[in-house]
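# Structural characterization, general
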Amino acid sequence: CEWDRAFLTADLIKGGDEAQHGRLIDAITIANLLHAGGLLELCCSAVASMIKDKSPRQIRALFNIENDFTPEEEERIREENRWCEEA
């Protein structure tokens, strides 16, 4: 719905700038703790949209996630999950 989209981009993702997503992550945590399924679904959907078509490197940069895998571990994980990329 239009109100939901406006709420997400204006209030939870500052001005629609994906890098300004701190409030969105807070809202996910709160919605989960309060068992607010509708809000949790809406916020998680927003995160899914944010990461769609992004590489793991881009997702790590967006959410400030440190890559603690060695190149060998990354390759093993890619090989084990190759079926995901083929779909």
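Quick summary incoming for the structure in this document. Every value quoted in this text rests on a predicted model; they were computed, and no experiment measured them.

### With respect to the overall build of the protein
- Assigned secondary structure in the protein consists of 6 helices and 0 strands.
- When its helices and strands are written in sequence order, the protein yields α-α-α-α-α-α.
- Scaling as 2.2 N^0.38, a compact globule of 87 residues should have a C-alpha radius of gyration of about 12 Å, whereas the protein reaches 16 Å, well beyond that.
- Its C-alpha atoms give the protein principal-axis dimensions of roughly 45 × 25 × 25 Å.
- Relative to its 87 residues, the protein shows a buried fraction of 17%.
- For the protein, the share of sequence-separated contacts (at least 6 apart) that also reach a separation of at least 24 residues comes to 29%.
- A total of about 6,700 Å² of accessible surface is found on the protein, and carbon and sulfur atoms cover 55% of it.

### Concerning the environment of Q58
- In this fold, Q58 is placed in helix α4 (residues 56-63).
- Residue Q58 is classed as partly exposed on the basis of its relative accessible area, which comes to 44%.
- From its side chain, Q58 meets the backbone nitrogen of S55 in a polar contact 2.7 Å long.

### What about the side chain of E74?
- Among the secondary structure elements, E74 is positioned in helix α5 (residues 71-80).
- Among residues more than four places away in sequence, those in contact with E74 are R60, N67 and F69.

### Things to note about the nonpolar core
- Core analysis: the largest hydrophobic core is formed by 12 residues, namely L8, L12, I13, L24, A27, I28, C43, A46, V47, M50, L62 and F63.
- Elements with a contribution of two residues or more to this core: α1 (2-12), α2 (22-33), α3 (37-51) and α4.
- Take this core: its biggest share by element is 4 residues, from α3.
- Those residues in contact with I28, other than ones at most four positions away along the chain, are L40, C43, C44 and V47.

### Quick word on the packing of α3 against α4
- At their nearest, the axes of α3 and α4 sit 10 Å apart, and the two run at 130° to each other. Comparing the axis directions of α3 and α4 gives the class oblique. Contact residues: V47, M50 and I51 in α3; I59, L62 and F63 in α4.
- Taken together, the residues that form the contact of α3 with α4 break down as 6 nonpolar, no polar and no charged.

Parameters and conventions
- Residues numbered from 1 in each chain as written.
- Predicted model: local features only at pLDDT ≥ 70, side-chain atom pairs only at ≥ 80, totals over all residues.
- Heavy atoms only, no water.
- Helix = DSSP H or I, 4+ residues; strand = E, 2+ residues; numbered from the N terminus.
- Rg over C-alpha atoms; globule rule 2.2 N^0.38 Å.
- Buried < 20%, exposed > 50% of the residue type's maximum accessible area, 1.4 Å probe, protein only.
- Contact = heavy atoms within 4.5 Å.
- Areas by Shrake-Rupley, 256 points an atom, 1.4 Å probe, with all protein chains shown as cover.
- Polar contact = N/O pair within 3.5 Å; in protein donor to acceptor, adjacent residues only side chain to side chain.
- Core = buried A, V, L, I, M, F, W, Y, C linked by side-chain atoms within 4.5 Å.
- Axes fitted to C-alpha atoms, helices over the stretch in contact; angles between N-to-C directions.
- Parallel < 35°, antiparallel > 145°, perpendicular 65-115°, else oblique.
- Nonpolar A, V, L, I, M, F, W, Y, C, P; charged D, E, K, R; others polar.

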